[in-house]
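A closer look at the structure
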Amino acid sequence: NAGVTQTPKFQVLKTGQSMTLQCAQDMNHEYMSWYRQDPGMGLRLIHYSVGAGITDQGEVPNGYNVSRSTTEDFPLRLLSAAPSQTSVYFCASRGNSNQPQHFGDGTRLSIL
Amino acid sequence: KNQVEQSPQSLIILEGKNCTLQCNYTVSPFSNLRWYKQDTGRGPVSLTIMTFSENTKSNGRYTATLDADTKQSSLHITASQLSDSASYICVVTARTGGFKTIFGAGTRLFVKA
């Protein structure tokens with residue numbers, strides 16, 4: 001019963017590098033989202049998708065891109081990493097709006 | 001501005017004791033309120049959900065209450081266990097054009113033996 005799987009679990013980047021955080025879910029959920037979690041703050045929405053081929057910006061989208069070519073996968077791309085993007089990133093999915101979100105275990109990202 | 005405020009920021013209790021965590025929100029128009037538990041190094045996991053018409057919901061030793069008039073919610077943990085040590089996050093969803101979800105910063109609970 002995998003749920004939401006995120007890879008990698010940890011990553012260290014240098015300023016200016018790019019990378020992709022992977023997220024996959026096996027629950028056939030239409031809605032998927034990416035959040036960042038910073039100390040002392042609530043989770044903030046980066047990008048979300050309501051189905052394959054559809055993506056939209058959340059609260060803090062700058063510096064990040066997403067795509068949704070399949071129902072299962074929702075990768076998050078950092079275009080040119082900056083120290084301000086040091087954070088823990090969570091991917092989540094859910095069915096309809098009355099259902100809870102299922103979260104992955106996060107990717108801990110440090111930008112030097 | 002839609003906000004969710006949680007108190008206290010952190011709490012230390014002895015195993016077996018009860019505790020209550022608070023959540024105040026200014027989210028409007030209100031759709032639902034959830035409490036999540038987040039263990040260290042893991043993603044949040046849903047504990048309860050309450051809509052406007054519900055004022056209490058239980059999940060084992062966890063009981064959530066909601067006062068939609070004062071826009072306050074509480075999470076009561078009964079007979080705490082060491083495994084209750086975690087962050088507890090209050091999440092409120094607003095019924096806007098779509099649905100907007102606002103997360104509180106969480107209360108960090110430490111249960112000591």
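Here, every reference points to the structure presented above.
All of the points below concern the structure found in this document. In this text the structure is predicted, and so the values were computed from the model without any measurement.

Cut-off values and rules
Residues numbered from 1 in each chain as written. Chains lettered and ligands numbered in written order. Predicted model: local features only at pLDDT ≥ 70, side-chain atom pairs only at ≥ 80, totals over all residues. Heavy atoms only, no water. Helix = DSSP H or I, 4+ residues; strand = E, 2+ residues; numbered from the N terminus. Contact = heavy atoms within 4.5 Å. Pairing = 2+ DSSP bridges. Axes fitted to C-alpha atoms, helices over the stretch in contact; angles between N-to-C directions. Buried area = accessible area lost by both parts, 1.4 Å probe. Salt bridge = Lys/Arg side-chain N within 4 Å of Asp/Glu carboxyl O. Polar contact = N/O pair within 3.5 Å; in protein donor to acceptor, adjacent residues only side chain to side chain. Nonpolar A, V, L, I, M, F, W, Y, C, P; charged D, E, K, R; others polar. Disulfide = S-S within 2.5 Å. Buried < 20%, exposed > 50% of the residue type's maximum accessible area, 1.4 Å probe, protein only.

1. A look at the environment of L11 of chain B
When you line up the elements, L11 of chain B lands in strand 2 (residues 10-14). Dropping the residues within four chain positions of it, L11 of chain B is found in contact with C19, L21, R108, L109 and F110 of chain B.

2. Let's talk about the sheet that holds strand 3 (residues 19-25) of chain A
All names here are of chain A. Taken together, the 4 strands give an open sheet; going across it, the order is 1-3-8-7, and neighbouring strands pair in antiparallel fashion. In this open sheet, the two edge strands, each paired with only one partner strand, are strand 1 (4-7) and strand 7 (64-66). When strand polarity is set aside, the average angle formed by the axes of neighbouring strands in this sheet is 20°. Inspection of the sheet shows strand 1 paired to strand 3 by 4 bridges, in the antiparallel sense. Across the sheet, T5 pairs through a bridge with A24, a residue of strand 3.

3. Quick notes on unusual backbone geometry
For the bond running from T7 of chain A to P8 of chain A, omega is -5°, close enough to zero to count as cis. Tracing the chain through its elements places P8 of chain A in the loop between strand 1 and strand 2 (10-13). Backbone torsion omega between S7 of chain B and P8 of chain B reads -10°, so that peptide bond is classified as cis. Looking at where P8 of chain B falls in the secondary structure, it is placed in the loop between strand 1 (4-7) and strand 2.

4. A word on the interface of chain A and chain B
On the chain B side, the residues contacting the 16 residues of chain A number 15 residues. Carbon and sulfur atoms supply 52% of the area buried between chain A and chain B, which totals about 1200 Å² over both sides. When residues of chain A are sorted by the area they lose upon contact with chain B, L43, F103 and D105 of chain A head the list and together hold 33% of the total. The interface formed by chain A and chain B includes 1 salt bridge. We note a salt bridge from D105 of chain A to R42 of chain B, for which the minimum N-O separation is 2.9 Å. There are 6 residue pairs in polar contact (both at pLDDT 80 or more) connecting chain A and chain B. For the side of chain A that touches chain B, the class distribution of residues is 6 nonpolar, 8 polar and 2 charged.

5. Thoughts on the state of the cysteines
Joining two cysteines, a disulfide is a covalent bond between their sulfur atoms. Counted by the stated rule, this structure contains 2 disulfides over all chains. Two residues, C23 of chain A and C91 of chain A, share a disulfide whose sulfurs are 1.9 Å apart. The sign of the -70° torsion about the S-S bond sets the C23 of chain A-C91 of chain A disulfide as left-handed. Here the residue C23 of chain A occupies a position in strand 3, and C91 of chain A occupies one in strand 9 (residues 87-94), the gap between them amounting to 68 residues. For C23 of chain A, a relative accessible area of 2% translates into the label buried. Since its relative accessible area comes to 0%, C91 of chain A is described here as buried. Disulfide pairing places C23 of chain B opposite C90 of chain B at an S-S distance of 2.1 Å.

6. Side note on the sheet that holds strand 8 (residues 72-77) of chain B
Residue and element names in this part refer to chain B. An order of 1-3-8-7-6 is seen for the 5 strands of this open sheet, with the pairing classed as antiparallel. On the outer flanks of this sheet lie strand 1 and strand 6 (56-59), each paired with one strand and no other. This sheet shows a mean twist of 15° between the axes of neighbouring strands, independent of strand direction. Sheet analysis places strand 3 (residues 19-25) next to strand 8, joined by 6 bridges and oriented antiparallel. Residue L21 lies in a different strand from strand 8, and its bridge partner there is L75.

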